[in-house]
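Fold and geometry: a report
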Amino acid sequence: MNTLSTVLIIVGLFLLGGVYSFSKQKMPKGVIVLLGLASALCLVAGALRLEGVWA
């Protein structure tokens, strides 16, 4: 269970780096927003799965 949380957080951070890179390259705003939403979902899902481990 803990491995999936780690993978979700790593993927979320990778996507967040993509948001930064795409914004620097002046990509279309729609792509940046979708990538940002995907990043947020991965980070939140990973954090919520880890919540049971931290408590």
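The shown structure was predicted, so the numbers you read here are calculated from the model rather than taken from an experiment.

1. Some details on the nonpolar core
In this structure, Leu15, Val19, Ile32, Leu35 and Cys42 together form the largest nonpolar core, which totals five residues. Elements that contribute at least two residues to this core include exactly helix H1 (2-24) and helix H2 (29-54). Looking at which element gives the most residues to this core, the answer is H2, with three residues. Residues contacting leucine 35, with those up to four places away along its chain left out, are Leu15, Gly18, Val19 and Phe22.

2. Remarks on H1
For H1, with 23 residues, the first-to-last C-alpha span of 34 Å sits near the 33 Å given by 1.5 Å per residue. Regarding H1, the residues found buried are Ser5, Gly12, Leu15, Gly18 and Val19. Lysine 26 lies just past H1 and shows a positive phi near 60°.

3. Examining the side chain of serine 5
One can find serine 5 in helix H1. With sequence-adjacent residues up to four places away left out, serine 5 is seen in contact with Gly46, Arg49 and Leu50.

4. Considerations on unusual backbone geometry
Located in the positive-phi region is lysine 26, a residue other than glycine, with phi close to 60°. Within the fold, lysine 26 resides in the loop between H1 and H2. The exposure class assigned to lysine 26 is exposed, which follows from its relative accessible area of 72%.

The rules we used
- Sequence order sets the numbering: in each chain, residues are counted from 1 along the sequence as written.
- Where totals are concerned, whole chains, interfaces and linings use all residues; where local detail is concerned, this predicted model gives features only for residues with pLDDT of at least 70, and gives and counts side-chain atom pairs only at 80 or more.
- For side-chain calculations, the full set of non-hydrogen atoms in the structure is used, while hydrogens and water are omitted.
- Nonpolar core, defined: a set of buried Ala, Val, Leu, Ile, Met, Phe, Trp, Tyr and Cys residues in which side-chain atoms within 4.5 Å join the residues together.
- Exposure classes here rest on a 1.4 Å probe applied to the protein chains alone. A residue is buried below 20% of its type maximum, exposed above 50%, and partly exposed in between.
- Counting from the N terminus, the helices are the DSSP runs of H or I reaching at least four residues and the strands are the DSSP runs of E reaching at least two.
- Residue contacts follow a heavy-atom distance rule, with two residues in contact if any of their heavy atoms lie within 4.5 Å.
- Expected span, for any helix, means 1.5 Å times one less than how many residues it has.

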